[in-house]
Amino acid sequence: MANAAEDTTLAPPQNAPPQNAPPENVPPKRWGDEEDDPVEEPSASSSNSEEKVASELKVEALTINDDESKINKFLDEPQDSNITAVTDTPYESASSFEDLNLSPDLLKGLYVEMKFQKPSKIQGISLPMILNPPHKDLIAQAHNGSGKTTCFVLGMLSRIDPKLKMPQALCVCPTRELAIQNVEVLRKMGKYTGITSECAVPMDSKHYVPISKQPPISAQVVVGTPGTIKKWMSSRKLGVTKIKILVFDEADHMLAEDGFKDDSLRIKKDIEKHSSHCQVLLFSATFNENVKNFVSRIVKDYNQLFVKKEELSLEAVKQYKVRCPDEHTKTLVIKDRILELGEHVGQTIIFVRTRNSASILHKALVDLGYAVTTIQGAVSAEDRDKIVQEFKNNLTKVLISTDLLARGFDQQQINLVINYDLPVKYETSEPDYEVYLHRIGRAGRFGRKGAVFNLLCSDRDEMLMSKIEHYFGSKVAEVKSWDSDEDFNNALEVAGLL
DNA sequence: AAAAAAC
């Protein structure tokens, strides 16, 4: 498998300045970001067109020479990101995927299917830690949209024994949508490896088959949500004896007291009871002090990558606050200012705090003649899948969501995020800083430009906003008048979207 | 209150 001992240095925080000015709007894909295909034919089911692109690109992609990738080494980092490594094992940061001793089939998937050229910063640092013996556990924090998914997907794919037709890797995610998205990335990246995968989320009613009537899972990788994974494990359909890598995506939430802590620990303990050595990977953009403290106690001998909270905000995403006289005005601002101007910009996601306000806002915008779709946890599985697919295919432009989609949702065409409500922690008056950061991270994937509009209409909102600014040390500019097209136009121009 | 939930 991977290199045993590497006689090299610990990966230092790299502060290499970009050698070129950042490109205007959409940076060319030079390093391993996730799916980057602009949707050309919204109606086409993507598989056919992808086949074509893949074969066209095959020759070029596979002949990228080493020298060229070294020349490009410092280009196009989405920001001068400071990731600090804590480890007592020497690792060398990978500057090309060739450095990682991946199988040819996996490299082909990276270049041909994913169209990656070189690892992003988090990938370069974390992958040697994940892939090389002694396969230590890892707590990895990195910016939103910096390519964390690729880290753990590649980790799972490269540690599978292809001859063993049993579950060997398990990835636990907080939502159905994230599990589906992750398994799609895994299948695309692993297309040439023959590795099999299963998505463990509740079946929609159309495909429902009782678990007792289903055969045991033979897929080598399982990606899913806690409830279904637990169900499969307890009904003995998901064997865990051969699992050697366990991933928690959005790990801070998966292990938070008010998140999925109990489910996650249960899954982890069951695996560790029955499997000899299982590597645990915890990935998220956020780990607050509380949860960092807790997670560092549940992993064993581990490596750690982290980012200071003051350096976590995405520089390419401009944040604004808009003072509105009342709740009703918020709807008008969304309709008359943001959506009118944003129409030519890309896709928009509007976050609301409750399912109920999602429905109310949905109805208000539809009544005003806007085509919007809404997703929240009370929507049926089928409809959720359909709504997400339509949005990912760019058939819908404006999506209203609860915090269901706050984390991980990867859609590169989103460049406007609207906080209809600011996120607040349950049973306290404190802002939910982590959710705020994840929400705004839905824009600005891989260094792309974006704008966030926070709609405020009370002293409480003002207080929440200023606490958020203070916490992240990031300035939130003011849009002077909610009533002024010029002000909004200007805001989008400053954000680089017009 | 949001998230998962074949209970």
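Residues numbered from 1 in each chain as written. Chains lettered and ligands numbered in written order. Predicted model: local features only at pLDDT ≥ 70, side-chain atom pairs only at ≥ 80, totals over all residues. Heavy atoms only, no water.

**Digging into the overall build of chain A**
The helix and strand tally for chain A stands at 16 helices and 15 strands. Scored against the burial criterion, the 498 residues of chain A give a buried share of 55%. When contacts within chain A are restricted to residue pairs at least 6 apart in sequence, those whose partners lie at least 24 apart make up 81%. (Helix = DSSP H or I, 4+ residues; strand = E, 2+ residues; numbered from the N terminus. Buried < 20%, exposed > 50% of the residue type's maximum accessible area, 1.4 Å probe, protein only. Contact = heavy atoms within 4.5 Å.)

**Thoughts on the environment of S81**
Note on placement: S81 falls in the loop between α2 (66-71) and β1 (84-86). Once the C-alpha coordinates of S81 and E311 are considered, the two residues, 230 residues apart in sequence, prove to be 7.5 Å apart.

**What to know about the protein's contact with DNA strand B**
The local shell around DNA strand B holds 26 residues, among which Q214, T225, R355, G377 and R384 are the closest. The protein-proximal atoms of DNA strand B, defined as those within 4 Å of the protein, are 62% sugar or phosphate. Measuring from a base nitrogen of DNA strand B, one finds a side-chain N or O atom of Q214 at 2.4 Å. Note that a phosphate oxygen of DNA strand B is positioned 3.0 Å from one of the side-chain N or O atoms of T402. The biggest single contributor to the surface near DNA strand B is helix α7 (residues 226-234), with four residues. (Near = heavy atom within 4 Å. Polar contact = N/O pair within 3.5 Å; in protein donor to acceptor, adjacent residues only side chain to side chain.)

**Things to note about the side chain of Q319**
If you trace the backbone, Q319 turns up in strand β9 (residues 317-323). Of the residues examined, Q319 reaches a relative accessible area of 8% and is grouped as buried. Q319 has contacts with S313, Y436, I440, V452, S474, K475, V476 and A477, leaving out every residue within four places of it along the chain.

**Quick word on a nonpolar patch on the surface**
A cluster of nonpolar side chains, M203, Y208 and V209, forms an exposed patch at the surface whose accessible area comes to about 290 Å². Its location among the elements puts M203 in the loop between β4 (197-200) and β5 (221-224). (Patch = residues over 30% accessible without salt bridge, like charges linked within 9 Å, V, L, I, M, F, W, Y side chains within 5 Å. Areas by Shrake-Rupley, 256 points an atom, 1.4 Å probe, with all protein chains shown as cover. Salt bridge = Lys/Arg side-chain N within 4 Å of Asp/Glu carboxyl O.)

**Things to note about helix α4 (residues 121-131)**
The buried count for α4 comes to 11 of 11 residues, which makes it a mostly enclosed element. Turning to α4, its buried residues are K121, I122, Q123, G124, I125, S126, L127, P128, M129, I130 and L131. Here the buried face of α4 lies against β1, β2 (137-141), α5 (148-159), β6 (245-249), β7 (279-284) and β8 (302-306).

**Some words on the UniProt feature "domain: DEAD-box RNA helicase Q" (unreviewed entry) in chain A**
The UniProt record marks residues 95-124 with the feature "domain: DEAD-box RNA helicase Q" (unreviewed entry), using the residue numbering of this structure. As a span, residues 95-124 carries 47% helix and 0% strand, and end to end its C-alpha atoms are 6 Å apart. (UniProt positions renumbered as here; feature names shortened; annotations may be inferred.)

**So, the confidence of the model for chain A**
Regions with low pLDDT should not have their predicted coordinates read in detail. Of the residues in chain A, 84% reach a pLDDT of 70 or more, and the chain-wide mean stands at 85. Averaged over each element, pLDDT in chain A is lowest for α2 (30) and highest for helix α3 (residues 104-113) (98). Low confidence marks residues 1-79, where pLDDT is under 50. Its contacts with residues over four positions away, or in another chain, come to 142 contacts. (pLDDT = per-residue confidence, 0-100.)

**So, the sheet that holds strand β13 (residues 414-419)**
Overall, parallel pairing links the seven strands, which are arranged β11-β12-β10-β13-β14-β9-β15 in an open sheet. For this open sheet the edge positions go to β11 (373-375) and β15 (477-479), each flanked by a neighbour on one side alone. Strand-to-strand, the axes of this sheet are offset by a mean angle of 25°, without reference to chain direction. Inspection of the sheet shows strand β10 (residues 347-351) paired to strand β12 (residues 398-401) by four bridges, in the parallel sense. Across the sheet, the residue bridging to I349 is L399, located in β12. Sitting on the sheet, helix α11 (residues 327-342) touches β9, β10, β12, β13 and β14 (450-456), and the angle it makes with β14 is about 165°. (Pairing = 2+ DSSP bridges. Axes fitted to C-alpha atoms, helices over the stretch in contact; angles between N-to-C directions.)

**Concerning the nonpolar core**
F97, L102, I130, M156, M189 and L305 are the most contacted members of the largest nonpolar core, which totals 80 residues. Each of domain 1 (46-310) and domain 2 (317-494) accounts for three or more of the residues forming this core. Sequence-distant contacts of I130, that is, excluding residues within four places in its chain, are made with H135, L138, C151, G155, R159, I245, Q279, L281 and F283. (Core = buried A, V, L, I, M, F, W, Y, C linked by side-chain atoms within 4.5 Å. Domains from an automatic or database assignment.)

**A look at the environment of R384**
Along the chain, the position of R384 falls in helix α13 (residues 381-392). R384 sits 180 residues away from D204 along the chain, and the two C-alpha atoms are 9.9 Å apart. Ignoring anything within four residues of it in the chain, the contact list for R384 reads R176, E177, I375, Q376, G377, V379 and L404.

**Digging into the side chain of D252**
Topologically, D252 is positioned in helix α8 (residues 251-254). Separated by 2.9 Å, the side chains of D252 and R407 make a polar contact. Those residues within four positions of D252 in sequence are excluded, and the remaining contacts are S284, T286, F287, V291, R407, E434 and H438.

**Quick notes on the sheet that holds β1**
Reading across from one edge, β1-β8-β2-β7-β6-β3-β5-β4 is the order of the eight strands in this open sheet, with mixed pairing throughout. Looking at strand neighbours, the two that pair on one side only are β1 and β4, the edges of this open sheet. For this sheet, the mean angle separating the axes of adjacent strands, direction not counted, is 10°. Of the pairings in the sheet, the one linking β4 to β5 comprises four bridges and is parallel in character. Bridged to C199 within β5 is V223. Across the face of the sheet, α7 comes into contact with β3 (169-172), β4 and β5 while running at roughly 115° to β4. Strand contacts of helix α9 (residues 261-274): β3, β6 and β7, with the helix running at about 175° to β6, the strand carrying the most contacts.

**Considerations on the pairing of β5**
Going residue by residue along β5, you find V221 and V223 tucked away on one face and V222 and G224 tucked away on the opposite face as well. The sheet contact formed by β3 and β5 spans four bridges and is parallel. Counterpart to A169 in the pairing with β5 is V221.

**Some thoughts on empty space enclosed by the protein**
According to the stated counting rule, one finds five cavities of 30 Å³ or more in the structure shown. It is α5 that contributes the most residues to the lining of the largest cavity, three residues altogether. Composition of the lining of the largest cavity by domain shows at least three residues from each of domain 1 (46-310) and domain 2 (317-494). (1 Å grid on protein atoms, 1.4 Å probe; cavity = no way out; pocket = protein on both sides within 12 Å on 5 of 7 lines; lining within 4 Å. Points joined across faces, edges and corners; volume = space filled by probe spheres on them.)

**Considering the packing of aromatic side chains**
Across all of its chains, the model carries nine aromatic pairs by this definition. Among the aromatic side chains, those forming a connected cluster through ring pairs are F97, Y111 and F116. For K292, the ring lying beneath its charged end belongs to F306, and the centroid distance is 4.9 Å. (Phe/Tyr/Trp six-rings, centres within 6.5 Å; stacked < 30°, edge-to-face > 60°. Lys NZ or Arg CZ within 6 Å of the ring centre and 35° of its normal.)

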